[in-house]
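Survey of secondary and tertiary structure
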Amino acid sequence: MTDAEFTWLDPDTVQIRQPKTSHWEAPFLFLLFGRDRSLLLDTGATTDEAVFPLRRTIDELTQDWLRRHPARFVRPYPLVVAHTHAHRDHIAGDALLADRPATTVVGTTAAEVIGFFGFRSWPAEIVGFDLGDRMLDLIGAPGHEPSAVAFFDRATGILFTGDTICPGNLYVRDRPDFVRTIERLIAFRDGSAVPVRTLLGAHVEMSNEPGVDYPSGTVDQPDEAPLAMPPSILDEVRAALDEPGDRVVRDRFIVVHDG
Ligand SMILES: [Zn+2]
């Protein structure tokens, strides 16, 4: 077993990484705490608690947070498990949380995501989701995968973008949808009353050397690029989508057309 790597981004927000030693995809997961409930974004690439102890990690982080916030909260404290998108390396751990007390695991089809969060006009409509004094804006983001959603956390200014935008290969599976999604994210960024401070995706595949990524399947990534990307990266991605070629290399990402 390899323990999760985690970082408290602020007192109510945890960035979790599934270690490379447990799965080469090494996806990032995020746990956000609010007054009424917490939200876990993605569950990782493995179904085996013995390989990656997702349930124990979530339980320990939650206990830690509740200890720092005594008596304010309903018990058992609810957890909602949602996903940036439905690819296997982001949902495999769902089963490890299915029987956890006070836990709701959101389904992974587009219809289930739309129904749970109450989108009436998918994906054009932006819907709110409140953790209790912590409002998120959910932006439909199909194009890499049909049920993809970007989550904006007003409390931190973080836009969680999954595999749609990350320092790595941006796999464009449906080009028209992907273009509209990037344009939707740009419009959201430019119109948001709360500034979008940073983008956090779900993988690091780029090295610190501009335009150079690691081979797929690699388990050792020295000199990784940072996960966080500036909001201006959206404009770079939008421009790269108009360039010819199946593989458009930029310093901090690579657009791969494989739809
Ligand atoms: Zn994906």
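Going by an unreviewed UniProt entry, the protein chain carries the name Metallo-beta-lactamase domain-containing protein and comes from Leifsonia poae.

**Topic: the coordination of the zinc ion**
Coordination sphere of the zinc ion, protein contribution only: His-85 (NE2), His-87 (ND1), His-144 (NE2) and Asp-163 (OD), at 2.1 to 2.3 Å. Along the chain, the residues donating to the zinc ion fall in the pattern H-x1-H-x56-H-x18-D. One end of the pair, His-85, is in the loop between strand E5 (79–82) and helix H2 (88–91); the other, Asp-163, is in the loop between strand E10 (158–162) and strand E11 (169–172), and 78 residues separate them in sequence. By the burial criterion, His-85 is buried, and Asp-163 matches it.

**Thoughts on the sheet that holds E11**
Pairing is mixed in the open sheet, where 3 strands are placed in the order E11-E15-E14. Of all the strands in the sheet, the pair left with one neighbour each is E11 and strand E14 (247–249). Taking the axes of each pair of neighbouring strands and ignoring which way they run, one obtains an average angle of 15° across the sheet. Across 4 bridges, E11 lies against strand E15 (residues 254–257) in parallel orientation. Pairing of Asn-169 across the sheet is with Ile-254, part of E15.

**Things to note about the pairing of strand E9 (residues 149–153)**
With respect to burial, E9 is a largely interior element, 5 of its 5 residues being buried. Residues of E9 alternate between two faces, with Val-149, Phe-151 and Asp-153 on one and Ala-150 and Phe-152 on the opposite face, all of them buried. Looking at chain direction, strand E8 (residues 135–140) and E9 are connected through 5 bridges and run antiparallel. Following the sheet pairing, Ile-139 is matched in E9 by Ala-150. Here E9 pairs with E10 via 3 bridges, running antiparallel. The partner of Asp-153 across the bridge, within E10, is Ile-158. Hairpin connection, E9 to E10: the antiparallel pair is bridged by 4 residues, and Gly-157 has positive phi, about 75°.

**As for the side chain of Thr-46**
Relative to the assigned elements, Thr-46 resides in the loop between strand E4 (38–41) and helix H1 (54–68). Reaching out from Thr-46, the side chain makes a polar contact with the side chain of Gln-18 at a distance of 3.0 Å.

**Considerations on the pattern of salt bridges**
This structure, assessed with the given rule, holds 20 salt bridges. Note that Arg-35 and Asp-133 form a salt bridge whose closest N and O atoms lie 2.9 Å from each other. Of the two residues, Arg-35 is situated in the loop between strand E3 (28–33) and E4 and Asp-133 in the loop between strand E7 (126–130) and E8; the sequence distance between them amounts to 98 residues. On the basis of relative accessibility, which here comes to 32%, the residue Arg-35 falls in the partly exposed class. The partner of Asp-235 in a salt bridge is Arg-189, and the shortest N-O contact between them spans 2.9 Å. One end of the pair, Asp-235, is in helix H6 (residues 233–240); the other, Arg-189, is in helix H5 (residues 175–191), with 46 residues separating them in the sequence.

What counts and how
Residues numbered from 1 in each chain as written. Predicted model: local features only at pLDDT ≥ 70, side-chain atom pairs only at ≥ 80, totals over all residues. Heavy atoms only, no water. Donors = N, O, S within 2.8 Å, 3.2 Å for Na, K, Ca; no water. Helix = DSSP H or I, 4+ residues; strand = E, 2+ residues; numbered from the N terminus. Buried < 20%, exposed > 50% of the residue type's maximum accessible area, 1.4 Å probe, protein only. Pairing = 2+ DSSP bridges. Axes fitted to C-alpha atoms, helices over the stretch in contact; angles between N-to-C directions. Polar contact = N/O pair within 3.5 Å; in protein donor to acceptor, adjacent residues only side chain to side chain. Salt bridge = Lys/Arg side-chain N within 4 Å of Asp/Glu carboxyl O.

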